[in-house]
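Geometric and topological summary
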Amino acid sequence: MLQYAQKRVHGIQDLERKLNDFGYRVGTRLLELIVWRDKNSKRETRVLGILYFIHTTVWKTLFGKQADTLEKSTENENEYMISDNDPLISKYISVPKELSELNCNSFLAGIVEAILDGAQFPSRVTAHTLPIDGFPLRTTIFIQLDKEILQREDQLK
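Residues numbered from 1 in each chain as written. Predicted model: local features only at pLDDT ≥ 70, side-chain atom pairs only at ≥ 80, totals over all residues. Heavy atoms only, no water.

This part is about the pattern of salt bridges. Oppositely charged side chains can pair when the atoms bearing their charge come close. Overall, the coordinates contain four salt bridges when judged by the stated rule. Here lysine 42 and glutamate 44 are joined by a salt bridge, their closest N and O atoms 3.8 Å apart. (Salt bridge = Lys/Arg side-chain N within 4 Å of Asp/Glu carboxyl O.)

On to the environment of alanine 67. Within the secondary structure, alanine 67 is located in the loop between α3 (47-63) and β1 (69-72). Spatially, the C-alpha atom of alanine 67 lies 32 Å from that of lysine 7, the residues being 60 residues apart in sequence. Beyond its immediate stretch of four places on either side in the chain, alanine 67 contacts His55, Trp59, Ile82 and Ser83. (Helix = DSSP H or I, 4+ residues; strand = E, 2+ residues; numbered from the N terminus. Contact = heavy atoms within 4.5 Å.)

What follows deals with the packing of aromatic side chains. For the coordinates displayed, the defined rule picks out one aromatic pair. Sitting over the ring of phenylalanine 121, arginine 152 keeps its end group 4.7 Å from the ring centre. (Phe/Tyr/Trp six-rings, centres within 6.5 Å; stacked < 30°, edge-to-face > 60°. Lys NZ or Arg CZ within 6 Å of the ring centre and 35° of its normal.)

What follows concerns the pairing of strand β4 (residues 139-145). A regular strand places its side chains so that they alternate between the two faces of the sheet. Burial analysis of β4 places five of its seven residues in the buried class, the great majority of the element. Where strand β2 (residues 79-84) lies against β4, six bridges are found, and the strand directions are antiparallel. Each bridged residue has a counterpart across the sheet, and for isoleucine 82 the counterpart in β4 is isoleucine 141. Across seven bridges, strand β3 (residues 123-129) lies against β4 in antiparallel orientation. Looking at β4, one finds that serine 123 is bridged to leucine 145. (Buried < 20%, exposed > 50% of the residue type's maximum accessible area, 1.4 Å probe, protein only. Pairing = 2+ DSSP bridges.)

Our focus in this paragraph is the packing of helix α2 (residues 12-37) against helix α5 (residues 106-118). Closest axis-to-axis distance for the α2/α5 pair is 6 Å, and the angle between their directions is 45°. As far as their axial angle goes, α5 and α2 are oblique. Note on packing geometry: the crossing formed by α2 with α5 is right-handed. Residue-level inspection shows Glu16, Leu19, Asn20, Phe22, Gly23, Tyr24, Val26, Gly27, Thr28, Leu30 and Leu31 of α2 in contact with α5, the latter providing Ser106, Phe107, Ala109, Gly110, Ile111, Glu113, Ala114, Ile115, Asp117 and Gly118. Looking at side-chain class alone, the contact of α2 with α5 contains 11 nonpolar, seven polar and three charged residues. (Axes fitted to C-alpha atoms, helices over the stretch in contact; angles between N-to-C directions. Parallel < 35°, antiparallel > 145°, perpendicular 65-115°, else oblique. Left-handed = near helix turned anticlockwise from the far one by under 90°. Nonpolar A, V, L, I, M, F, W, Y, C, P; charged D, E, K, R; others polar.)

Take the sheet that holds β2 next. Read across the open sheet, the four strands follow the order β1-β2-β4-β3; overall the sheet is antiparallel. Each edge of the open sheet carries a strand with a single partner, namely β1 and β3. Strand-to-strand twist across the sheet, computed as the mean angle between neighbouring axes with direction ignored, equals 20°. Across the sheet, α5 lies against β3 and β4, angled at about 155° from β3, the strand it touches most.

Moving on to helix α6 (residues 147-156). Every buried residue belonging to α6 is among Ile149, Leu150 and Glu153, and all of these are buried. Along the axis of α6, the buried positions cluster into a sector of 100°, meaning they face one direction only. Turned more than 90 degrees away from the buried face of α6 sit Lys147, Gln151 and Gln155, all of them exposed. (Arc of directions from axis to C-beta.)

Quick look at the structure:
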C-alpha cells in the first residue's frame, strides 16, 4: 500500500495525505463492523464517550490492546491526544532515508478521523511521532474537534 501510494505522489505531505485517505476508508468500514459485532453497543453522544471507545474498543480490535494514554490538551478545550508507545503500524515498516520525515501512522489518523466523523463528531486528526526514553516509535494521534461539538456538549449538560 505504501509503495502504491508513493508512486502516485510528489512529496512527503502528499504521501501522508494519501495514507490518511486510505485510513479514512478503512475507518468508515471498521466503525460499522465494530458496531455490528457488539450487540450491546450504543451510539455515543458525548466527546469523552467516543474518545474512550476509540482508546479501548477500536484499539483492541485493531491491535489487540488498548492505547497507552488518552489525554486532554491543557491549552485548548477542543484538543485531545491518544498515544501509543509501540505502534504496530510503524513497527514493521522500514522507511528509506529520503523519506525520514514520513509518519506512516497517518493511516491510523485517517481511521480515527473516519470513526469520529461517522459518529457525528467532525474533527481534524493528525499523527505525530514523539519519541521518549524506551519508546522511539511512540506516536500521538492529535484530535482537534470542531467548535460546534463543544457547543453541542454544553447543551447536553
